[in-house]
Amino acid sequence: IMAEGAGEEQRLAELLAAGRRLWEEVENGAEPSTGAPAVQEKVRQGLDALQRAAAMLAQLDLFSENEELEEIASADLKYLLLPALLGAMTLKQVDLSRRLEHLESARAHFWRFLKLCRSYGLGNFHLPPATASASGEEDAGSPSPKGPAAAQPSLVAMAMSRQAKIERHNQKKELENRLASMRASVESGQADEEQIREFYILQIQKWIHTSLEEMESIDQEMVLLRSRGAAKLPSAAAHGAPRQARTPLKPFILTRNSAQAKVFGAGYPSLPTMTVDDWYEQQGRQGALCGQSAPQRAPGLVEEELQKQQQQQEKQEEEEEEEALQKARSWDDWKDTHPRGYGNRHNMG
């Protein structure tokens, strides 16, 4: 049984080392894009190794929230990093259709890591809410004061948040420098147990800063993705309604009255002519004009307009007849006083 347990721990150490090596290759690789097929294959392999290691770690039950940090063996401290590495590797996936799912999964991994570190007293930090929506609900539930008096506290909070980020960044850089100076002796096997323990604790503290930064970025990205998805719903519903097919209109000449229709329709090649009222009636019968029917008019107004149009047409016809009659009379008078051939002096000496 002891040999089997030792074999499982050896396998667990190998899986953790493989997953961490693949993450470092993806993080510090020479590929210009994380979406390259070779990079995504490393991400897939790294996730597989880390997930298998997490399953084995859960079976071995190496950690408990009821024990103290001193009770954990120095060689086992490195396994505390498993949730953080899983979260970091999950973020390296580039499938946009599942981006929100990946963000939620990565955030859950980071939160479990921070909760475990908090229970062991590793680092002095505020544990974020378990879900991204919880922090949003808390902010939405607390009424915020309005007016000029509310501006000063918000500026103070922003300044404090910025100062905390700067301090966190400086602490992370200091931890990275200390880790770089100790890495060679630990990896070569020359370091004693106390140095190995300090090395792993420094790694955990560095990943605490990384996890807090990643969770903050994840929360901001999730807000944008959810708002974008909510904005697409009304447009998708609007586009889902089928548009009514319209009959294509044939070209024609639109006139104000029937007299203009007779004039404009006399050319060659002639186009169909139509008055405004005829056009409205036709569109109303066909259900055009954006689904609106022809304008409804009172019966009395229609009769009055028709009478006015008829009177104008009759008056115009009378004027045209009178003008033609005057031209004919003037031509007859001119012929009476001017004999045939008058004014034609062509071929005359």
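As the structure is a prediction and not an experimental result, all values here were calculated from the model.

Caption draft 1: Structural context of helix α2 (residues 37–60). The terminal C-alpha atoms of α2 lie 35 Å apart, and with 24 residues this matches the ideal 34 Å at 1.5 Å per residue to within 8%. For α2, the full list of buried residues reads V39, Q40, V43, G46, L47, A49, L50, A53, M56 and L57. Positive backbone phi, at 55 degrees, marks D61, one or two positions downstream of α2.

Caption draft 2: Quick peek at the confidence of the model for the protein chain. Mean pLDDT over the protein chain: 78, with 72% of residues reaching 70 or higher. Considering each helix and strand of the protein chain separately, the mean pLDDT is smallest for helix α5 (residues 132–141), with a value of 55, and largest for helix α3 (residues 82–90), with 96. Low confidence marks residues 138–151, where pLDDT is under 50. Its contacts with residues over four positions away, or in another chain, come to 1 contact. In the predicted structure, residues 290–295 sits below a pLDDT of 50 and forms 5 contacts with residues beyond four places in sequence or in another chain.

Caption draft 3: Examining the packing of aromatic side chains more closely. Per the stated rule, a full pass over the model turns up 3 aromatic pairs. Of note, K78 hangs over the ring of Y79, and the distance from its end group to the ring centre comes to 4.8 Å. When the ring centre of F125 is taken as reference, the NZ or CZ atom of R118 above it lies at 5.8 Å.

Caption draft 4: Highlighting a negative patch on the surface. Taken together, the side chains of E314, E317, E318, E319, E320 and E321 present a region of like negative charge at the surface. Structurally, E318 is set in helix α10 (residues 299–337). The class of E318 is exposed, set by a relative accessible area of 53%.

Caption draft 5: Seen up close, the layout of surface pockets. By volume, the largest pocket is sized at about 860 Å³. Lining of the largest pocket is provided by 24 residues; of these, F125, H126, R168, L212 and E216 occupy positions nearest its centre. At the level of elements, α5, α6 (151–187) and α7 (193–240) are the ones that each hand at least two residues to the lining of the largest pocket. Ranked by residues supplied to the lining of the largest pocket, first place goes to α7 with 8 residues. Looking at side-chain class alone, the lining of the largest pocket contains 8 nonpolar, 9 polar and 7 charged residues.

Caption draft 6: Summary view of the pattern of salt bridges. Scanning all chains against the criterion turns up 16 salt bridges. Salt-bridge contacts for E101 lead to R98; the nearest nitrogen and oxygen are separated by 2.7 Å. Taking the relative accessible area as the measure of exposure, E101 reaches 42% and is therefore partly exposed. For R98, a relative accessible area of 40% translates into the label partly exposed.

Caption draft 7: Representation of α3 in the model. Taken across its 9 residues, α3 has 9 buried, putting it largely inside the fold. The complete set of buried residues in α3 reads L82, P83, A84, L85, L86, G87, A88, M89 and T90.

Caption draft 8: Here's a closer look at the side chain of H109. Considering the arrangement of structural elements, one finds H109 in helix α4 (residues 99–119). Judged by its relative accessible area of 13%, H109 falls in the buried class. At a separation of 2.6 Å, a polar atom in the side chain of H109 contacts the side chain of R112.

Caption draft 9: Just unusual backbone geometry, in detail. Look at D61: it is not a glycine, yet its phi comes out positive at around 55 degrees. Here D61 falls in the exposed class, since its relative accessible area comes to 59%.

Caption draft 10: Spatial organisation of the packing of α2 against α3. Where α2 contacts α3, the two axes come as close as 10 Å, and the packing angle between them is 155 degrees. Viewed along their axes, α2 and α3 adopt a mutual orientation that is roughly antiparallel. As for how α2 packs across α3, the hand of that crossing is left-handed. Note on element contacts: α3 touches α2 through L82, L85, L86, M89 and T90, opposite V43, G46, L47, L50, Q51, A53, A54 and L57. The residue inventory of the contact of α2 with α3, partitioned by class, reads 10 nonpolar, 3 polar and no charged.

Caption draft 11: Summary view of the packing of α3 against α4. Where α3 meets α4, the closest approach of the two axes is 7 Å, and the angle between their N-to-C directions is 160 degrees. With respect to α4, the axis of α3 lies roughly antiparallel. The chirality of how α3 crosses α4 is left-handed. Contacts between α3 and α4 pair P83, A84, L86, G87, A88 and T90 from the former with H102, S105, A106, H109, F110 and F113 from the latter. Looking at side-chain class alone, the contact of α3 with α4 contains 7 nonpolar, 5 polar and no charged residues.

Caption draft 12: Fine view of a nonpolar patch on the surface. A contiguous nonpolar patch, built from W331, W334 and Y342 and spanning about 400 Å² of accessible area, is present on the exposed surface. Turning to its location among the elements, W334 is positioned in helix α10. Looking at W334, the relative accessible area reads 40%, which means it is partly exposed.

The rules we used
- Residues numbered from 1 in each chain as written.
- Predicted model: local features only at pLDDT ≥ 70, side-chain atom pairs only at ≥ 80, totals over all residues.
- Heavy atoms only, no water.
- Helix = DSSP H or I, 4+ residues; strand = E, 2+ residues; numbered from the N terminus.
- Expected span 1.5 Å × (residues − 1).
- Buried < 20%, exposed > 50% of the residue type's maximum accessible area, 1.4 Å probe, protein only.
- pLDDT = per-residue confidence, 0-100.
- Contact = heavy atoms within 4.5 Å.
- Phe/Tyr/Trp six-rings, centres within 6.5 Å; stacked < 30°, edge-to-face > 60°.
- Lys NZ or Arg CZ within 6 Å of the ring centre and 35° of its normal.
- Patch = residues over 30% accessible without salt bridge, like charges linked within 9 Å, V, L, I, M, F, W, Y side chains within 5 Å.
- Areas by Shrake-Rupley, 256 points an atom, 1.4 Å probe, with all protein chains shown as cover.
- Salt bridge = Lys/Arg side-chain N within 4 Å of Asp/Glu carboxyl O.
- Lys, Arg positive; Asp, Glu negative; His and termini not counted.
- Charge placed at Lys NZ, Arg CZ, Asp CG, Glu CD.
- 1 Å grid on protein atoms, 1.4 Å probe; cavity = no way out; pocket = protein on both sides within 12 Å on 5 of 7 lines; lining within 4 Å.
- Points joined across faces, edges and corners; volume = space filled by probe spheres on them.
- Nonpolar A, V, L, I, M, F, W, Y, C, P; charged D, E, K, R; others polar.
- Polar contact = N/O pair within 3.5 Å; in protein donor to acceptor, adjacent residues only side chain to side chain.
- Axes fitted to C-alpha atoms, helices over the stretch in contact; angles between N-to-C directions.
- Parallel < 35°, antiparallel > 145°, perpendicular 65-115°, else oblique.
- Left-handed = near helix turned anticlockwise from the far one by under 90°.

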